[in-house]
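# Structural characterization, general
Given next are the chains, with one letter for each unit.
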Amino acid sequence: MAADAGTSRPVDAKALARIATRLQAAAEPPWLHGEVARRMAERLPLMRRQPQRIVQWHAGLGASGDLLRKACPKANLVEVRAAPGARSHEAPRAWWPPSRWSRAAASVTPDEVADASADMLWSNMGLHFEFDIEALMQRWRRAIVVDGFLMFSTLGPGSLASLRRLYRQRHWPAPMAPLVDMHDLGDMLVHAGFAEPVMDQELLTLTWATPAAMVAELRGLGGNADPQRFAGLRTPRWRAELDAACADLRGADGRLRLELEVVYGHAFCAAPRVPVRSEAAVSLEQMRSMLRGTHEAGPDHGLR
């Protein structure tokens, strides 16, 4: 199967969508997503101004609702689900007192998110499930007000390096689709119209006692959307070969070890620039947006 047209990342878009749908249908998001959300929330104090309107993109995967409510108790929260009927993953809330009703997050589809409707857009561990990442960043740019804030996390290309090396040594197809480097993500942010992007990453090491436990957890974290992946189901014989090969992944303590690269990014939404020509037409809405950025935001971007 060839890579889908329209993206520089070789990935099977249909397989990617199936993986995201499966994860959203699970009873709970992966534990890793909750851990990364907690680490992201530790960065929220960097913001000097509290956002009044937060759009949580990839809400069905992000495990972030309660953290955002705690960090920004006065903000209106909108959760963007990938598709109609996607599970919320939010814990049931008591109906009393009535004040809690007003804090229930609105749930919308991506197409229902209005332009300039978010003071902050938050996306936790969902970007690597997107087919056209740069197009999504452009959509985020339109959704955020001038001088608004973007925070996101995603998996980086350092993920499962040992497993990918094991597959190459045995001339097996790749166990996962390529992921985007954090520097390329930063360039995409700039191209999409964001200002002052800051990218960061960390490596997390996961360990397991058995190959079966490792495979089960990796499936719970995602799936293989590489266009050149194995076609069809694997046989018990191949699975036995994989289990034996996993001996190469054992550390000094005897446990299997794999690494995940988590990439963090944040940026500000800059005022739109008008192309310089001998004659330039500026719409009324563009003019209003630029004036808001000049007179309301000022030089202070809200960081401490």
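Scroll up to find the structure.
Residues numbered from 1 in each chain as written. Predicted model: local features only at pLDDT ≥ 70, side-chain atom pairs only at ≥ 80, totals over all residues. Heavy atoms only, no water.

## Comments concerning the environment of Met40
Put simply, the rule is: A run of H or I in DSSP becomes a helix once it reaches four residues, and a run of E becomes a strand once it reaches two; helices and strands are each numbered from the N terminus. Residue contacts are defined here by distance: any two heavy atoms, one from each residue, within 4.5 Å place the two residues in contact.
Residue position: Met40 is located in helix H2 (residues 31-41). C-alpha of Met40 to C-alpha of Leu67: the two residues are 27 residues apart in sequence and 9.6 Å apart in space. Those residues within four positions of Met40 in sequence are excluded, and the remaining contacts are Trp122, Ser123, Asn124, Met151, Phe152, Ser153 and Tyr264.

## Quick look at the pairing of strand E5 (residues 144-155)
Successive residues of a regular strand alternate their side chains across the two faces of the sheet. Note the threshold: Per-residue accessibility, obtained with a 1.4 Å probe over protein chains only, is compared with the maximum for each type, and a residue is labelled buried under 20%, exposed over 50%, and partly exposed between these values. In this scheme, strands are said to pair when DSSP sees at least two bridges between them. A crossover counts as right-handed when, viewed with the strands pointing away from the observer, the path leading from the first strand over the helix to the second turns clockwise.
For E5, a buried count of 12 out of 12 residues is recorded, marking the element as mostly surrounded by other parts of the structure. Here strand E4 (residues 118-124) runs beside E5; their pairing, made up of six bridges, is parallel. The residue bridging Ser123 from the neighbouring strand is Phe152, located in E5. Between the parallel pair E4 and E5, the chain is carried across by helix H5 (residues 133-143), and the sense of this crossover is right-handed. Summarising the sheet, E5 and strand E7 (residues 256-269) pair through seven bridges and their orientation is antiparallel. Note that in E7 the partner of Leu155 across the bridge is Val262.

## Topic: the nonpolar core
To keep it simple, the criterion reads: The nonpolar core is taken to be a set of buried Ala, Val, Leu, Ile, Met, Phe, Trp, Tyr and Cys residues, with the residues joined through side-chain atoms within 4.5 Å.
Membership of the largest hydrophobic core comes to 41 residues, with the highest contact counts inside it found for Leu44, Met120, Trp122, Met214, Leu249 and Leu258. Contributions of two or more residues to this core are made by H2, E4, E5, helix H6 (161-169), strand E6 (194-208), helix H8 (211-221), helix H9 (236-245) and E7. With six residues, E7 is the largest single contributor of residues to this core. When residues no more than four places from it in sequence are discounted, the contact partners of Leu44 are Leu68, Ala71, Met120, Trp122 and Met151. Counting 26 residues, the second-largest nonpolar core is a separate cluster that includes Val80, Met137, Val263 and Ala267.

## Observations concerning the side chain of Gln56
Checked against the element boundaries, Gln56 lands in strand E1 (residues 53-57). For Gln56, a relative accessible area of 1% corresponds to the buried category. Among all residues touching Gln56, those that are not within four sequence positions of it are Gly62, Ser64, Gly65, Leu68, Leu77, Val78, Glu79, Val80 and Trp122.

## Thoughts on unusual backbone geometry
Working note: non-glycine residues mostly have negative phi, and peptide bonds are mostly trans. Of note, His58 is a non-glycine position whose phi angle comes to about 55 degrees, a positive value. Relative to the helices and strands, His58 resides in the loop between E1 and helix H3 (59-62). Phi at Asp147 takes a positive value of approximately 70 degrees, unusual for a residue other than glycine. Within the element layout of this structure, Asp147 appears in strand E5. Since its relative accessible area comes to 11%, Asp147 is described here as buried.

## Some details on the packing of H8 against H9
The condition is simple: To obtain each axis, a line is fitted to C-alpha atoms, and for helices this fit is confined to the stretch in contact; angles are then taken between N-to-C directions over 0 to 180 degrees. The scheme is simple: roughly parallel for angles under 35 degrees, roughly antiparallel for over 145, roughly perpendicular for 65 to 115, oblique for anything else.
Orientation of H8 relative to H9, taken along the N-to-C sense of each, is 105 degrees, at an axis distance of 10 Å. Considered as vectors, H8 and H9 are oriented roughly perpendicular to each other. In this structure, H8 uses Pro211, Ala212 and Val215 to contact H9, whose residues at the interface are Arg239, Leu242 and Asp243.

## Side note on the pattern of salt bridges
Where we set the bar: Think of a salt bridge as a Lys or Arg side-chain nitrogen and an Asp or Glu carboxyl oxygen that are within 4 Å of each other.
The full count for this structure, using the stated rule, is 13 salt bridges. Of the charged contacts in the structure, one is a salt bridge between Arg38 and Glu35, with a shortest N-O distance of 2.5 Å. Of this pair, Arg38 and Glu35 both sit in helix H2, three residues apart, roughly one helical turn. What emerges from the salt-bridge pattern is a single network uniting Glu35, Arg38, Arg39, Glu42 and Glu202.

## A short note on the sheet that holds E7
Within the open sheet, the seven strands sit side by side as E3-E2-E1-E4-E5-E7-E6. Their pairing is mixed. Each of the sheet's edge strands pairs with one partner strand only, and the pair in question is strand E3 (106-108) and E6. Each strand axis lies, on average, 15 degrees off the axis of its neighbour in the sheet, ignoring direction. Where E1 and strand E2 (residues 76-80) come together, four bridges link them in parallel fashion. Considered in E2, the bridge of Gln56 is made with Glu79. Packed onto the sheet, H5 meets E1, E4, E5, E6 and E7 and runs at close to 145 degrees relative to E5.

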